Amino acid sequence: MTECTSLQFVSPFAFEAMQKVDVVCLASLSDPELRLLLPCLVRMALCAPADQSQSWAQDKKLILRLLSGVEAVNSIVALLSVDFHALEQDASKEQQLRHKLGGGSGESILVSQLQHGLTLEFEHSDSPRRLRLVLSELLAIMNKVSESNGEFFFKSSELFESPVYLEEAADVLCILQAELPSLLPIVDVAEALLHVRNGAWFLCLLVANVPDSFNEVCRGLIKNGERQDEESLGGRRRTDALRFLCKMNPSQALKVRGMVVEECHLPGLGVALTLDHTKNEACEDGVSDLVCFVSGLLLGTNAKVRTWFGTFIRNGQQRKRETSSSVLWQMRRQLLLELMGILPTVRSTRIVEEADVDMEPNVSVYSGLKEEHVVKASALLRLYCALMGIAGLKPTEEEAEQLLQLMTSRPPATPAGVRFVSLSFCMLLAFSTLVSTPEQEQLMVVWLSWMIKEEAYFESTSGVSASFGEMLLLVAMYFHSNQLSAIIDLVCSTLGMKIVIKPSSLSRMKTIFTQEIFTEQDWIYRQLCETSTPLHPQLLPLIDVYINSILTPASKSNPEATNQPVTEQEILNIFQGVIGGDNIRLNQRFSITAQLLVLYYILSYEEALLANTKTLAAMQRKPKSYSSSLMDQIPIKFLIRQAQGLQQELGGLHSALLRLLATNYPHLCIVDDWICEEEITGTDALLRRMLLTNNAKNHSPKQLQEAFSAVPVNNTQVMQIIEHLTLLSASELIPYAEVLTSNMSQLLNSGVPRRILQTVNKLWMVLNTVMPRRLWVMTVNALQPSIKFVRQQKYTQNDLMIDPLIVLRCDQRVHRCPPLMDITLHMLNGYLLASKAYLSAHLKETEQDRPSQNNTIGLVGQTDAPEVTREELKNALLAAQDSAAVQILLEICLPTEEEKANGVNPDSLLRNVQSVITTSAPNKGMEEGEDNLLCNLREVQCLICCLLHQMYIADPNIAKLVHFQGYPCELLPLTVAGIPSMHICLDFIPELIAQPELEKQIFAIQLLSHLCIQYALPKSLSVARLAVNVMGTLLTVLTQAKRYAFFMPTLPSLVSFCRAFPPLYEDIMSLLIQIGQVCASDVATQTRDIDPIITRLQQIKEKPSGWSQICKDSSYKNGSRDTGSMDPDVQLCHCIERTVIEIINMSVSGI
């Protein structure tokens, strides 16, 4: 409202005096200032007050004295003398008439017979008529406003435009509104005044004379205002009017601004009020109110406010020409001035020294940002990011230049400085268009290089982890792997706002990062080396991205644009001082965190290499894999134990390592080992440490070797030393590992006390928790059989993974030494697992060497056939390997010829478990069973059965394969009783019985007989009934020779069936009689003693109780009757008779 600029407005001092009714301050006003407030002062002086206090009486006298010398008071007194009741009635009638005849009607009840214009009529009229003239004109405007439906119009009115009568018209307006508040609501009057010339001036006078209405008027004007005020004339006039009101009452300006945001109307007014407030406050170092206000609108949680203000910014830019009168232009100019105000005025002289030598010497940048300006600079950067990213502000060349100068300035090494650098870096990524010239690009490269160099200094000086260094590395990795979306997410997260960043806008930054800034892999390696706890959560994703950048090119157009893996020598440098692989003497130069991260990198890299074999083969690329010798030198198990105790500081690193270990090194994840570790590191270990004496610490490996050398003669010394060694921790035992393993063969000699063997076993298990792989190799080599004049072969880790059965090719004496056999079985289990992982990895590694084989297959659709065959061959090899190990172990369970010669009864040894469980023999028999149990063979059998149980549970197919292959039937009592998982054989025995080979059928029935005794279950009953039926069927199809070969070994199994399941008695007796009848028919012409046998069998079946005394005859029990004949059928008949008698004896004793 430029028309009001020449008019005098109510000053803030005068308004505050009116608001507080401060008569002293009012008295100090000049005459022109006092003239504007006369309507209210005259009414206070003349009207009866509600306040009857003495103080107000005194103030009223002062007001009267103040008014006594003012000439205009008389005219105002005359206005107050009018009959306002009659005036209000006439005004109401006129409104009704206007409503009836239409708003455009010229009829007026208030004013009639106008001879001249409004100005002349106003001049010649008395007070009542003046009131009617102004009221009629005001009502006409108000009616038009109500009928305009929000569309702005401008009303030309002589009363409100003539400079001569402005004050008199204002007096009349104020008196009318004060005396007729119901007819003229102040908010409606204020709305109407916006449509006339000088309306803002009239409005300010009206509110100044009714100061309590300030908030009401402002809220009403804002609520009725436009959403975007600068887009229309009405919006601009409303904004100007409210700005004049707030200048009159500046203390309420921020409250009015709050109303603007609350209603989401008149954004220009909010900015204008903020600009007015910013100019009035003296804030050079702190963040200005303008920055805080605009940042709050764009970065707040209210999406409606954010959209509303963003529209204001976009609409303001769409106008072709922004003049200085535009609020948006004023805001941008103020922000630019604030930005330039914190930039140093001195150009840096150190840039050329700190930058690369190739840098142009004439490049100049701002640097050395003052510490007191850092927070304000960060706030400005975030604000400009919000303006450009959320509101769509397009910076001018001047703004872009100054922003780049600020972003590339160098703050002090403080936490705020670290934050500023991170924000600047992300802003460069988000708005790369700010860098438009080669000079600006060079300036950015120099600044990024400075960031890399200064990261460590910032971290050490500020006391805060310099996150911008990690961010640089992570962004570089993402650029190398072309993960642009990840960069965008990182930028948005750091800036704290969601902005739209096109991946194409990052192309130039990608080139700079991948070809100019991060060309050396050493930096990545250095970051891993310098890490410490607590672990940053972005480090593991960083390593994953780096691995991906090694395997995957950054772009399809440039397949060679990949990173190089960390060299083996660099990895070995991390583990300097680790001698011989698992010998742990860690160098303090690198932290355990760095070593764990390098281990994670190696395992993840090898896993990714195998997973991407086909892709790499298609690209004809073959990245280098790390050698097995390198892996042998890394103390994997020791590092995992260390990580277990640092899980809180390492975040998810421990679980990630366990996952990789279970996949690539399953032999290091054996459950028994974890349980053993809990025992070693538990309370007992602490107690042992308390018992540790200086003598125990002083024993050297050399002394241990000397003690072992004297074992055949003196066992005391070695016993004393190894007992002391049990008090040491696992890592302290490592120097003794080689001596312990190399002397194991001496422990196989006769006369070595069992305590020494058990103690060595205990020490070996402790060492196994920290150095399993190297310990296994040393042990296998130490336990090889010694052959004269033959040099022993030294096996390697790779040899043992390829052929795990090497472990069982040890000295035969180990098979009867339980403590060392326990160690051997532990190694065998580990190498069987390692072999599976090795073959799977080998299969994937060699896939890329076979593309031509796939292409040479002529049949369509059979391209994948060779791969399937390779997988099947691998599985077949593993199955054969496992089954061979099981067969060898079962063979070890059999007594040797020497043991048999020494009086070991194999039948009693193998059957004593069942006999002790199922029979109630006298005390003498129990003592004999105990003697059989307390022997080395029995202990070895128990160890082997324990391992076989684990193998069967892990893979039931192994149990099926072994039993389809078969093994000596003498071992069946041992395996069924000693292996708890043997019950799974019930699932495949029907299939085994159905095999065409007679030997497998015999083995199946014998196995089933033992299972029925051990597991008398409904399932066993059904399988036993099936076996009886199959035996009956085979009786009808087998020849004489095969019948003898089949039934002679299987008939005793029928006794076990009857013992386990008495309901089978009838079927089994019928089967036995049927077999006897078949045999009798074949030998009827040769032998006359068969028919009496058949007759006895029939009688026994019908009356078993009558034959109980006969069955107790020793000749029946021992089967010594009629055994002189060599005829197979005769022998089979006698076997049948013995079987029946045994069943009857069992039944009678059971009753």
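Residues numbered from 1 in each chain as written. Predicted model: local features only at pLDDT ≥ 70, side-chain atom pairs only at ≥ 80, totals over all residues. Heavy atoms only, no water.

Peer 1: Whenever I open this one, the overall build of the protein confuses me. Can you help?
Peer 2: From N to C terminus, the protein includes 64 helices and zero strands. Classification of the 1151 residues of the protein by burial places 51% in the buried group. Here the protein has roughly 52,900 Å² of accessible surface; of this, 52% comes from carbon and sulfur atoms. (Helix = DSSP H or I, 4+ residues; strand = E, 2+ residues; numbered from the N terminus. Buried < 20%, exposed > 50% of the residue type's maximum accessible area, 1.4 Å probe, protein only. Areas by Shrake-Rupley, 256 points an atom, 1.4 Å probe, with all protein chains shown as cover.)

Peer 1: I tried to follow the nonpolar core on my own but got confused; where do I start?
Peer 2: Buried together is how nonpolar side chains tend to be arranged in soluble globular proteins. Ranked by size, the top nonpolar core spans 360 residues in total, and within it Leu-245, Tyr-601 and Phe-1057 carry the most contacts. Residue contributions to this core peak at 11 residues, all from helix α31 (residues 592-611). Beyond its immediate chain neighbours, meaning those up to four positions away, Phe-1057 contacts Ile-1005, Leu-1008, Ser-1009, Cys-1012, Ala-1024, Ala-1027, Val-1028, Leu-1064 and Ile-1068. (Core = buried A, V, L, I, M, F, W, Y, C linked by side-chain atoms within 4.5 Å. Contact = heavy atoms within 4.5 Å.)

Peer 1: How should I be thinking about the packing of helix α44 (residues 754-767) against helix α47 (residues 818-845) in this particular structure?
Peer 2: In helix packing, the relevant descriptors are the interaxial angle and the interaxial distance, both defined with respect to the helix axes. Interaxial distance between α44 and α47 falls to 8 Å at its minimum, and their mutual angle equals 25 degrees. Between α44 and α47, the crossing angle belongs to the class labelled roughly parallel. Contacts between α44 and α47 pair Arg-754, Leu-757, Gln-758, Asn-761, Trp-764 and Met-765 from the former with Pro-818, Pro-819, Leu-820, Asp-822, Ile-823, His-826 and Met-827 from the latter. For the contact of α44 with α47, a count of residues per class yields eight nonpolar, three polar and two charged. (Axes fitted to C-alpha atoms, helices over the stretch in contact; angles between N-to-C directions. Parallel < 35°, antiparallel > 145°, perpendicular 65-115°, else oblique. Nonpolar A, V, L, I, M, F, W, Y, C, P; charged D, E, K, R; others polar.)

Peer 1: Is there a simple way to think about unusual backbone geometry in this case?
Peer 2: Outside of glycine, negative phi angles account for most residues, and trans bonds account for most peptide bonds. Here Thr-533 and Pro-534 are connected by a cis peptide whose omega angle stands at -5 degrees. Despite not being glycine, Leu-266 has its phi angle at roughly 55 degrees, a positive value. Mapped onto the elements, Leu-266 comes out in the loop between α15 (253-263) and α16 (267-280). The buried category is assigned to Leu-266, whose relative accessible area is 0%.

Peer 1: Quick question: what am I supposed to make of the pattern of salt bridges here?
Peer 2: Opposite charge on two side chains lets them pair, provided their charged atoms get close. Within this structure, the stated rule accounts for 25 salt bridges. With a shortest N-O distance of 3.7 Å, Asp-632 and Arg-773 are connected by a salt bridge. Of this pair, Asp-632 sits in helix α33 (residues 628-632) while Arg-773 is found in helix α45 (residues 772-782), placing the two residues 141 residues apart along the sequence. Note on Asp-632: relative accessible area 30%, which makes it partly exposed. (Salt bridge = Lys/Arg side-chain N within 4 Å of Asp/Glu carboxyl O.)

Peer 1: Could you clarify how one ought to interpret the confidence of the model for the protein in this entry?
Peer 2: The predicted coordinates ought not to be read in detail in places where the model reports low pLDDT. With 81% of its residues at a pLDDT of at least 70, the protein reaches an overall mean of 81. For the protein, helix α20 (residues 351-354) is the element with the lowest average pLDDT, namely 36, and helix α56 (residues 989-993) is the one with the highest, namely 95. Per-residue pLDDT stays below 50 along residues 913-932; that stretch engages in 14 contacts with residues further than four places along the chain or on separate chains. Low pLDDT, under 50, characterises residues 1107-1124; the stretch is placed with 27 contacts to residues that sit more than four places away or in other chains. (pLDDT = per-residue confidence, 0-100.)

Peer 1: For this particular structure, what's the right way to read the packing of aromatic side chains?
Peer 2: To describe a pair of aromatic rings, you give the distance between the ring centres and the angle between the ring planes. Evaluated as defined, the whole model comprises 15 aromatic pairs. Three or more aromatic residues link up through ring pairs in this structure, and these residues are Tyr-546, Tyr-601, Tyr-605 and Tyr-626. (Phe/Tyr/Trp six-rings, centres within 6.5 Å; stacked < 30°, edge-to-face > 60°.)

Peer 1: Teacher, can you tell me more about the packing of helix α57 (residues 998-1014) against helix α59 (residues 1040-1060) here?
Peer 2: It is at 8 Å that the axes of α57 and α59 come closest, and there the two elements cross at 15 degrees. Accordingly, the angle class assigned to the pair α57 and α59 is roughly parallel. Of the two elements, α57 crosses α59, and the hand of that crossing is left-handed. Residues Leu-998, Gln-1001, Ile-1002, Ile-1005, Gln-1006, Leu-1008, Ser-1009, Cys-1012 and Ile-1013 of α57 form the contact with α59, whose participating residues are Lys-1042, Ala-1045, Phe-1046, Pro-1049, Thr-1050, Ser-1053, Ser-1056, Phe-1057, Arg-1059 and Ala-1060. (Left-handed = near helix turned anticlockwise from the far one by under 90°.)

Peer 1: I'm lost on the side chain of Thr-274 in this one. Help?
Peer 2: Residue position: Thr-274 is located in helix α16. In this structure, Thr-274 is in contact with Arg-257, Asp-289, Leu-290 and Phe-293, ignoring residues within four places of it in sequence.

Peer 1: Sorry, what's going on with the environment of Glu-230 here?
Peer 2: Residue position: Glu-230 is located in the loop between α13 (214-223) and α14 (233-248). Exposure remark for Glu-230: the relative accessible area of 11% places this residue in the buried category. Residues Glu-230 and Leu-269 lie 39 residues apart in sequence; the distance between their C-alpha atoms is 9.1 Å. For Glu-230, the contacting residues outside a window of four places in its chain are Arg-236, Phe-312, Arg-319, Ser-325, Ser-326, Val-327 and Leu-328.

Peer 1: Honestly, α47 in this entry has me stumped. Any pointers?
Peer 2: Each α-helix turn comprises 3.6 residues. Residues three or four places apart therefore point the same way. With 28 residues, α47 should cover 40 Å at 1.5 Å per step; its first-to-last C-alpha distance of 40 Å lies within 8% of that length. Most of α47 sits inside the fold, with 20 of its 28 residues counted as buried. (Expected span 1.5 Å × (residues − 1).)

Peer 1: Before we go on, may I ask you to explain the environment of Met-248 in this structure?
Peer 2: For Met-248, the position within the fold is in helix α14. Each C-alpha atom of the pair Met-248 and Phe-15 lies 6.6 Å from the other, and the pair is 233 residues apart in sequence. Every residue in contact with Met-248, bar those within four places of it in the chain, is listed here: Val-10, Ser-11, Pro-12, Phe-15, Cys-204, Val-207 and Ala-208.

Peer 1: Would you explain the state of the cysteines in this entry?
Peer 2: What makes a disulfide is a covalent bond joining the sulfur atoms belonging to two cysteines. Inspection of the entire model under this criterion finds zero disulfides. Sulfur of Cys-40: no disulfide; nearest cysteine sulfur belongs to Cys-174 and is 8.8 Å away. Under the relative-accessibility criterion, Cys-40 is labelled buried at 15%. Residue Cys-935 stays outside any disulfide, its sulfur separated by 9.0 Å from that of Cys-942, the closest cysteine. (Disulfide = S-S within 2.5 Å.)

Peer 1: Quick question: what am I supposed to make of the side chain of Thr-741 here?
Peer 2: With respect to the secondary-structure elements, Thr-741 resides in helix α43 (residues 737-742). Separated by 3.1 Å, the side chain of Thr-741 and the backbone oxygen of Glu-738 make a polar contact. If we ignore the near neighbours within four places in the chain, the residues touching Thr-741 are Trp-764, Leu-775, Met-778, Thr-779 and Ala-782. (Polar contact = N/O pair within 3.5 Å; in protein donor to acceptor, adjacent residues only side chain to side chain.)

Peer 1: Explain the environment of Thr-408 here, please?
Peer 2: Tracing the backbone shows Thr-408 in the loop between α22 (397-407) and α23 (415-430). For Thr-408, a relative accessible area of 1% translates into the label buried. For the pair formed by Thr-408 and Leu-448, sequence separation is 40 residues and the distance between their alpha carbons is 8.6 Å. Of note is the side chain of Thr-408, whose polar atom sits 2.7 Å from the backbone oxygen of Leu-404.

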